[in-house]
Amino acid sequence: MPAPAPDSPDRPSAVPALDLARLRADFPALAQEVRGQPLVYLDSAATALKPQAVIDAVTRVYARDCANVHRGVHLLSQRATEAYEAVRAKVQGLLGAADPSEIVFVRGTTEAINLVAQSWARPRLGPGDEILITGLEHHANIVPWQMVCEQTGASLRVVPITDAGAVQLEDVDQALGERTRVVAVAHVSNALGTVLPVRAIADRAHAVGAKLLVDGAQAVPHMEVDVTALGCDFYCFSAHKVYGPTGVGALWAPRAVLEEMSPYQGGGDMIRSVSFERTTYAPPPHKFEAGTPNIAGTVGMGAAIDYLAELDRDALHAHEQALLDYATQALSEIPGLRLWGTAAAKLSVLSFTMDAAHPHDIGTIVDSHGVAIRTGHHCAQPVMTRFGIPATARASLSIYNTREDVDALVRALLHVQEMFG
Ligand code: PMP
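All values derive from a computational prediction rather than experimental measurement.

Chemist: Just checking my understanding: could you explain the pairing of strand β10 (residues 249–252) for this structure?
Modeler: Regular strands show a simple pattern: their side chains alternate between the two faces of the sheet. Alternating residues of β10 divide into Gly249 and Leu251 and Ala250 and Trp252, and every residue in both groups is buried. Inspection of the sheet shows strand β4 (residues 103–106) paired to β10 by four bridges, in the antiparallel sense. By the bridge assignment for β10, Phe105 is matched with Ala250. Across four bridges, strand β9 (residues 234–238) lies against β10 in antiparallel orientation. Counterpart to Cys236 in the pairing with β10 is Leu251.

So this is what it looks like as structure tokens:
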């Protein structure tokens, strides 16, 4: 059936048109068969597929501009440096930051949080101080803070989550106090899909004089982010979840905050001058980027941001939300299936268990249908503990998924039920 014309009454006017077939053609991995079936990729929360433009950008670095950055006068090094440094302004635009020098390139969300924990929190916290996180955090936003607590004598407090997997502001208020120095929250939960009320949390954190770090790993792929509007003090994400390469990401903080922080890793490229008596550091962001960086990955991250910028993000968001509604309805109709994470503000993720089978068996059988989902604790063991379950199966949606993908998942889950039920 032909798609309704853009001005047709069949198309709700609030939802702009999206050429899904064209968009899917940008992702070469989608063109393959897996276990004899067309690939249905429902694991983008773990890592997103890459468009050809990103693959080409990475290849170009190695094939043409293959040189180290910052240190060479030769042409290849100049080209590599320009391509690498140009990505700061792209990330600045993506996050609504004030200046490219506020963007620190890191290995990913994990390294960004460790950097803030070690460079901002560790020198400033002591016994009696508190770090506040929530009950739905990824291990990357738990363990670095536990390490700082061990190092400084500070203590970790946790805002509980509701049965639906939401974070309530009353509970944030209850947990915040005059000893709270850092609040660190996910913008969107990877295990449950919950969207946190970051702006309101920022206001509360600042009212007690605490800094707010936001883990944007699951938000940047799905929503427009503006760090100024969010009012946070640190924001970070990983490129590989936003259609970019693995092993690279970015940390944003205001220039003045970066100026005040000392680096926690030393080496080449982060210094102004070195002698055995005394070393001085380069200005931010370079003082946080010791060693040869992931040059090709960073350029690939820039290509991913350019790719996203070409798309209509409102249309993508509407498409993903409509698909989440469709999938939520379809999965709810499967007898013995329970969805975890039903907060009103939610995106992209369907975490579930089935009476019939353990999540790992679900994952294996679904894979035999060519459907890729994730099973386990999703690096959020405390979420599993909160709900008294060992693991979930998790299907996560992205811009290139279709209703047919969801239908394939449902067929595979009905097969699980037949086998184990
Ligand atoms: N936080 C969240 C919410 C995540 O989903 C992830 C990745 N699963 C991370 C942090 C860690 O990201 P990375 O492994 O890319 O550093």
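Having put the structure on the table, let's press on.
Chemist: Help me understand the site of the ligand, please; the structure alone is not making it clear to me.
Modeler: All residues adjacent to the ligand are Gly108, Thr109, Thr110, His138, Ala140, Asn190, Asp215, Ala217, Gln218, Ser238, His240 and Lys241. Residue Thr110 places a side-chain N or O atom 2.6 Å away from an oxygen atom belonging to the ligand. Lys241 has a polar side-chain atom sitting 2.8 Å from a nitrogen atom of the ligand. Within the complex, the protein chains bury 84% of what would otherwise be the 400 Å² of accessible surface of the ligand. Of the residues that constitute the shell around the ligand, the class distribution is two nonpolar, eight polar and two charged.

Chemist: Could you clarify how one ought to interpret the sheet that holds β9 in this entry?
Modeler: Strand order in the open sheet made by the seven strands is β4-β10-β9-β8-β7-β5-β6, with mixed pairing throughout. Two strands in the sheet have a free side with no partner beyond their single neighbour: β4 and β6 (155–159). Averaged over all pairs of adjacent strands, the angle between strand axes in this sheet comes to 20 degrees, irrespective of strand direction. As judged from the three bridges shared by strand β8 (residues 211–215) and β9, these two strands associate in the parallel manner. Across the sheet, the residue bridging to Val214 is Tyr235, located in β9. Against the sheet, helix α4 (residues 109–124) engages β4, β7 (180–186), β8, β9 and β10, with an angle of about 155 degrees to β9.

Chemist: Can you help me understand the packing of α4 against helix α5 (residues 143–152) in this one?
Modeler: Viewed as axis vectors pointing N to C, α4 and α5 meet at an angle of 25 degrees, and their least axial separation amounts to 9 Å. Viewed along their axes, α4 and α5 adopt a mutual orientation that is roughly parallel. When you trace α4 past α5, the crossing you get is right-handed. On α5, the residues touching Ile113, Asn114, Val116, Ala117, Gln118, Ala121 and Arg122 of α4 are Pro144, Trp145, Val148, Gln151 and Thr152. Along the lines of polarity and charge, the residues of the contact of α4 with α5 split into seven nonpolar, four polar and one charged.

Chemist: What exactly am I supposed to notice about the pattern of salt bridges here?
Modeler: For side chains bearing opposite charge, pairing can occur when the charged atoms are close. Tallying each qualifying case throughout the model produces 17 salt bridges. With its nearest N and O atoms 2.8 Å apart, the salt bridge here joins Arg199 to Asp203. Of the two residues, Arg199 and Asp203 both sit in helix α7 (residues 198–207), four residues apart, roughly one turn of that helix. A relative accessible area of 38% places Asp203 in the partly exposed class.

Chemist: Whenever I open this one, helix α2 (residues 52–63) confuses me. Can you help?
Modeler: The periodicity of an α-helix, 3.6 residues per turn, causes residues three or four positions apart to be oriented the same way. Helix length check: α2, at twelve residues, gives a terminal C-alpha distance of 16 Å against a target of 16 Å (1.5 Å per residue), a fit within 8%. Along its buried surface, α2 packs onto α10 (295–310).

Chemist: Just to check I follow, could you spell out the domain arrangement of the chain for this structure?
Modeler: A common way to report how large an interface is uses the accessible area buried once the components associate. The domain architecture assigned to the chain consists of domain 1 (20–41 + 312–416) and domain 2 (59–309). A C-alpha centroid distance of 28 Å is found between domain 1 and domain 2. Residue-level contacts link 33 residues of domain 1 with 30 residues of domain 2. For the domain 1 face of the interface with domain 2, the top three residues by lost area are Arg313, Leu347 and Arg386, together amounting to 28%. Between domain 1 and domain 2 we count one salt bridge in total. For Asp163, the salt bridge identified is with Arg386, shortest N-O distance 2.7 Å. Remark: the boundary between domain 1 and domain 2 carries 20 residue pairs in polar contact (both at pLDDT 80 or more).

Chemist: Looking at this structure, I do not really get the nonpolar core. What am I missing?
Modeler: As a rule of thumb, soluble globular proteins bury nonpolar side chains together. By size, the foremost hydrophobic cluster in this structure holds 78 residues, and its most contacted members are Val91, Leu212, Tyr235 and Tyr400. For this core, the element with the most residues is α10, which contributes nine residues. Residues from two domains meet in this core; each of domain 1 (20–41 + 312–416) and domain 2 (59–309) gives at least three. Leaving out residues up to four positions away in the same chain, Val91 has contacts with Ile103, Phe105, Phe237, Ala250, Met301 and Ile305.

Chemist: In this structure, what is going on with the sheet that holds strand β13 (residues 337–340)? I would like to understand it.
Modeler: Picture the strands of a sheet paired through backbone hydrogen bonds; they go either parallel or antiparallel. Taken together, the four strands give an open sheet; going across it, the order is β13-β14-β17-β16, and neighbouring strands pair in antiparallel fashion. Every other strand in the sheet has two partners, leaving β13 and β16 (374–376) as the edge strands with one partner each. Each neighbouring strand pair of the sheet contributes to a mean axis angle of 30 degrees, computed without reference to strand direction. Alignment of β13 against strand β14 (residues 349–354), held across four bridges, turns out to be antiparallel. Across the sheet, Leu339 pairs through a bridge with Phe352, a residue of β14.

Conventions adopted
Residues numbered from 1 in each chain as written. Predicted model: local features only at pLDDT ≥ 70, side-chain atom pairs only at ≥ 80, totals over all residues. Heavy atoms only, no water. Buried < 20%, exposed > 50% of the residue type's maximum accessible area, 1.4 Å probe, protein only. Helix = DSSP H or I, 4+ residues; strand = E, 2+ residues; numbered from the N terminus. Pairing = 2+ DSSP bridges. Near = heavy atom within 4 Å. Polar contact = N/O pair within 3.5 Å; in protein donor to acceptor, adjacent residues only side chain to side chain. Areas by Shrake-Rupley, 256 points an atom, 1.4 Å probe, with all protein chains shown as cover. Nonpolar A, V, L, I, M, F, W, Y, C, P; charged D, E, K, R; others polar. Axes fitted to C-alpha atoms, helices over the stretch in contact; angles between N-to-C directions. Contact = heavy atoms within 4.5 Å. Parallel < 35°, antiparallel > 145°, perpendicular 65-115°, else oblique. Left-handed = near helix turned anticlockwise from the far one by under 90°. Salt bridge = Lys/Arg side-chain N within 4 Å of Asp/Glu carboxyl O. Expected span 1.5 Å × (residues − 1). Domains from an automatic or database assignment. Buried area = accessible area lost by both parts, 1.4 Å probe. Core = buried A, V, L, I, M, F, W, Y, C linked by side-chain atoms within 4.5 Å.

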